[in-house]
Amino acid sequence: MVFDNTISIADIISILGLTLSFITIIFLFIQRKDSSRICLSIKDKKNSHMFKNSKIIEETLYIKLLGNNIARNINLKFDLVSDNIKLANDWYKSAQNGAMVYVSNKESYDNICSDEMINITQSLYGAMYAMLDDILILLPAFKYKDHINLNINYVLIQMSYEDINGYMYCQYYKISIQVNSMDFFNNEFNYSINIEEINKKNYKELSNKKSL
């Protein structure tokens, strides 16, 4: 039996047709994914805050959807990283007044639309309280110093969610405290919340420093 290795014009046309069909399918897949592409962003409603003995943490941290669709099955994982703060079974005890505060390590939400905001202050309350309380405890030691060295404290957030077509997304954030001014007489300080989106590599590097 002899095989014919020649390729006819009909064969070429058939191959081109299959190739174009394959390219079309890929293009439609990409177009479908782009049409539903979304992004979530963590924001702070205020530029600065005050923290004092009353330990008030304002309800200002929220998640906002960037896009015109819906984000579903939103899951947040929190990781408090510190070189000083100690937790016992996810509870923080203030060395200043003995107050016990629960430090949450996860939260989930069903969905969010483009005209909605999800307040996540309560989910981060324990971690924020611990970081701010750590600064307040050190406040008297800074009274006669020109330069202030704060303990390393930050919260890492891994945020995963789906779009309307079921495509999965994952974003990473680092939240830290920046002290703007201190009032030693009233034992309080003004601060800003630094919210930084980071990549997966940085997230892993930061989480490995000292995870609680």
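Provided above is the structure to which this section pertains.
Here is a short report on the structure shown in this document. It should be emphasised that the depicted structure is a prediction, and the values quoted were computed from it without experimental measurement.

## Considering the sheet that holds strand β3 (residues 61–66)
Through backbone hydrogen bonds, the strands of a sheet pair up, either in parallel or in antiparallel fashion.
(1) Moving on: The three strands are arranged β1-β3-β9 in an open sheet whose pairing can be described as antiparallel. Strands at the two margins of the open sheet, each flanked by one partner only, are β1 (39–44) and β9 (117–119). Along the sheet, successive strands turn relative to each other by an average axial angle of 25 degrees, direction set aside.

## Here's the deal with empty space enclosed by the protein
(1) Moving on: Applying the stated criterion to the full structure yields one cavity of 30 Å³ or more.
(2) Moving on: Its boundaries defined by the atoms lining it, the largest cavity holds a volume of some 50 Å³.
(3) Moving on: Taken together, His49, Ile57, Glu58, Thr60, Leu61, Thr121, Met128, Tyr191 and Ile193 make up the lining of the largest cavity.
(4) Moving on: Of all the secondary structure elements, the ones that give two or more residues to the lining of the largest cavity are α2 (121–138) and β12 (188–198).
(5) Moving on: For the lining of the largest cavity, the residue count by class is five nonpolar, three polar and one charged.

## Looking at the pairing of strand β4 (residues 70–82)
Along any regular strand, the residues point their side chains to alternate faces of the sheet.
(1) Moving on: Two elements, β4 and strand β8 (residues 106–113), share seven bridges in a ladder whose sense is antiparallel. Bridged to Ala71 within β8 is Ile112.
(2) Moving on: Summarising the sheet, β4 and strand β10 (residues 153–162) pair through nine bridges and their orientation is antiparallel. Residue pairing in the sheet places Leu80 in a bridge with Val155 of β10.

## Remarks on the environment of Lys55
(1) Moving on: By secondary structure assignment, the location of Lys55 is in the loop between β2 (49–51) and β3.
(2) Moving on: Taking the C-alpha atoms as reference, Lys55 lies 9.7 Å from Leu136; in sequence the two are 81 residues apart.
(3) Moving on: Dropping the residues within four chain positions of it, Lys55 is found in contact with Ser94, Gln96, Asn97, Tyr125, Tyr129, Asp133 and Leu136.

## Some words on the environment of Ile195
(1) Moving on: Mapped onto the elements of the fold, Ile195 is located in strand β12.
(2) Moving on: In this structure the C-alpha to C-alpha distance between Ile195 and Ile42, which are 153 residues apart in sequence, comes to 7.2 Å.
(3) Moving on: Setting aside its immediate chain neighbours within four residues, Ile195 contacts Ile42, Lys43, Asp44, Leu61, Tyr173, Lys174 and Ile175.

## Comments concerning the packing of aromatic side chains
(1) Moving on: Enumeration according to the criterion identifies eight aromatic pairs in this entry.
(2) Moving on: Seen in terms of ring centroids, Phe51 and Tyr129 are 6.4 Å apart; in terms of plane orientation they differ by 85 degrees. Their pairing is edge-to-face. Here Phe51, found in strand β2, pairs with Tyr129, found in helix α2; they are 78 residues apart in sequence, far enough to count as distant.
(3) Moving on: Residue classification places Phe51 among the buried positions, given a relative accessible area of 0%.
(4) Moving on: Measuring from centroid to centroid gives 5.8 Å for Phe51 and Phe189, while their planes differ by 50 degrees, and the two rings are tilted. Here Phe189 lies in strand β12 and Phe51 lies in strand β2, a separation of 138 residues in the sequence. Note on accessibility: Phe51 and Phe189 belong to one class, buried.
(5) Moving on: Chaining the aromatic ring pairs together yields one cluster made of Phe51, Tyr92, Tyr125, Tyr129, Phe189 and Tyr191.
(6) Moving on: For Lys174, the ring lying beneath its charged end belongs to Tyr154, and the centroid distance is 4.8 Å.

Cut-offs used in this document
- Residues numbered from 1 in each chain as written.
- Predicted model: local features only at pLDDT ≥ 70, side-chain atom pairs only at ≥ 80, totals over all residues.
- Heavy atoms only, no water.
- Pairing = 2+ DSSP bridges.
- Helix = DSSP H or I, 4+ residues; strand = E, 2+ residues; numbered from the N terminus.
- Axes fitted to C-alpha atoms, helices over the stretch in contact; angles between N-to-C directions.
- 1 Å grid on protein atoms, 1.4 Å probe; cavity = no way out; pocket = protein on both sides within 12 Å on 5 of 7 lines; lining within 4 Å.
- Points joined across faces, edges and corners; volume = space filled by probe spheres on them.
- Nonpolar A, V, L, I, M, F, W, Y, C, P; charged D, E, K, R; others polar.
- Contact = heavy atoms within 4.5 Å.
- Phe/Tyr/Trp six-rings, centres within 6.5 Å; stacked < 30°, edge-to-face > 60°.
- Buried < 20%, exposed > 50% of the residue type's maximum accessible area, 1.4 Å probe, protein only.
- Lys NZ or Arg CZ within 6 Å of the ring centre and 35° of its normal.

These results come straight from atomic positions and should not be treated as a statement about function.
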